[in-house]
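Fold and geometry: a report
Here's the letter readout for the chains.
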Amino acid sequence: MIDTIDSLRQHQLVILRRLRGGPLTEFELSHEVAEHSGFTPEQAAENMTDWLEELRCEGLVWSGLLANSNNQQIAAAALTKRGKDLVA
């Protein structure tokens, strides 16, 4: 279980810090992870759903799928209270 900011991996830290400003989509988060870690944009995009799921299981983010009128889906995430407390 993630109890301190020191136990976070770089991509997790980037995701949590970026979510301080409000909810974001998987595409926005992938861009941030690629820009601030050792992952390429393609790697970040491919892994983002799994990374969000890991953080959701830890209780740090809410994540889910949003759909538009054409039934196209995109993942989005926001910090939970626990996540806010960790990165505040």
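A brief report on the enclosed structure follows. Think of each chain on its own: its residues are numbered from 1, step by step along the sequence as written. It should be noted that, the model being predicted, local features are given only for residues of pLDDT at least 70 and side-chain atom pairs only at 80 or more, the latter also being counted only at that level, while totals for whole chains, interfaces and linings use all residues. Calculation of side-chain values draws on the structure's entire complement of heavy atoms; hydrogens and water are dropped beforehand.

**So, the packing of helix α2 (residues 26–36) against helix α3 (residues 41–57)**
For helices, the axis comes from a line fit to the C-alpha atoms of the stretch in contact; other axes are also lines fit to C-alpha atoms, and the angle between any two N-to-C directions lies between 0 and 180 degrees. Comment: elements are numbered from the N terminus, with helices defined as DSSP H or I runs of at least four residues and strands as E runs of at least two. The N-to-C vectors of α2 and α3 enclose an angle of 120 degrees; their axes lie 8 Å apart at closest approach. Relative to α3, the element α2 is oriented oblique. As α2 runs across α3, the sense of the crossing is right-handed. Taking contact as the criterion, the partners of Glu-26, Leu-29, Ser-30, Val-33 and Ala-34 in α2 are, on α3, Pro-41, Ala-44, Ala-45, Met-48, Thr-49, Trp-51 and Leu-52. These descriptions rest on fixed angle ranges, namely under 35 degrees for roughly parallel, over 145 for roughly antiparallel, 65 to 115 for roughly perpendicular, and the rest for oblique. Note: crossing handedness is left-handed where the near helix turns anticlockwise from the far helix by less than a right angle, and right-handed where it turns clockwise. Any two residues having at least one pair of non-hydrogen atoms within 4.5 Å are treated as being in contact.

**Quick notes on the packing of helix α1 (residues 10–19) against α3**
Where α1 meets α3, the closest approach of the two axes is 11 Å, and the angle between their N-to-C directions is 80 degrees. Taken together, the axes of α1 and α3 lie roughly perpendicular to each other. For the pair formed by α1 and α3, the contact residues are His-11, Gln-12, Ile-15 and Leu-16 on the first element and Met-48, Trp-51, Leu-52, Glu-54 and Leu-55 on the second. Among the residues forming the contact of α1 with α3, the class breakdown is six nonpolar, two polar and one charged. Ten residues, namely Ala, Val, Leu, Ile, Met, Phe, Trp, Tyr, Cys and Pro, are considered nonpolar, four, namely Asp, Glu, Lys and Arg, are considered charged, and the remaining ones, Gly among them, are considered polar.

**Observations regarding the sheet that holds strand β3 (residues 73–79)**
Here the rule is simple: two strands pair whenever DSSP picks up at least two bridges between them. Overall, antiparallel pairing links the three strands, which are arranged β1-β3-β2 in an open sheet. A single partner strand is all that each edge strand has here, and the edge strands are β1 (24–25) and β2 (61–67). For β2 and β3, the ladder comprises seven bridges, and the chain directions are antiparallel. Of the residues in β3, the one forming a bridge with Gly-64 is Ala-76. In this fold α1 packs onto β1, β2 and β3, with an angle of close to 80 degrees to the strand it touches most, β3.

**Brief notes about α3**
For a helix, the expected span equals 1.5 Å multiplied by the number of residues minus one. Counted at 1.5 Å a residue, the expected span for α3 with its 17 residues is 24 Å, and the 24 Å between its end C-alpha atoms agrees. Where α3 bends most, the angle comes to about 50 degrees, and this point is Met-48. Between buried and exposed lies partly exposed: a residue is buried under 20% and exposed over 50% of the maximum accessible area for its type, with that area taken using a 1.4 Å probe on protein chains only. Along α3, the residues that are buried comprise Ala-44, Met-48, Trp-51, Leu-52 and Leu-55. Values of bend correspond, residue by residue, to the angle between axes fitted over the seven residues ending at that residue and the seven starting there.

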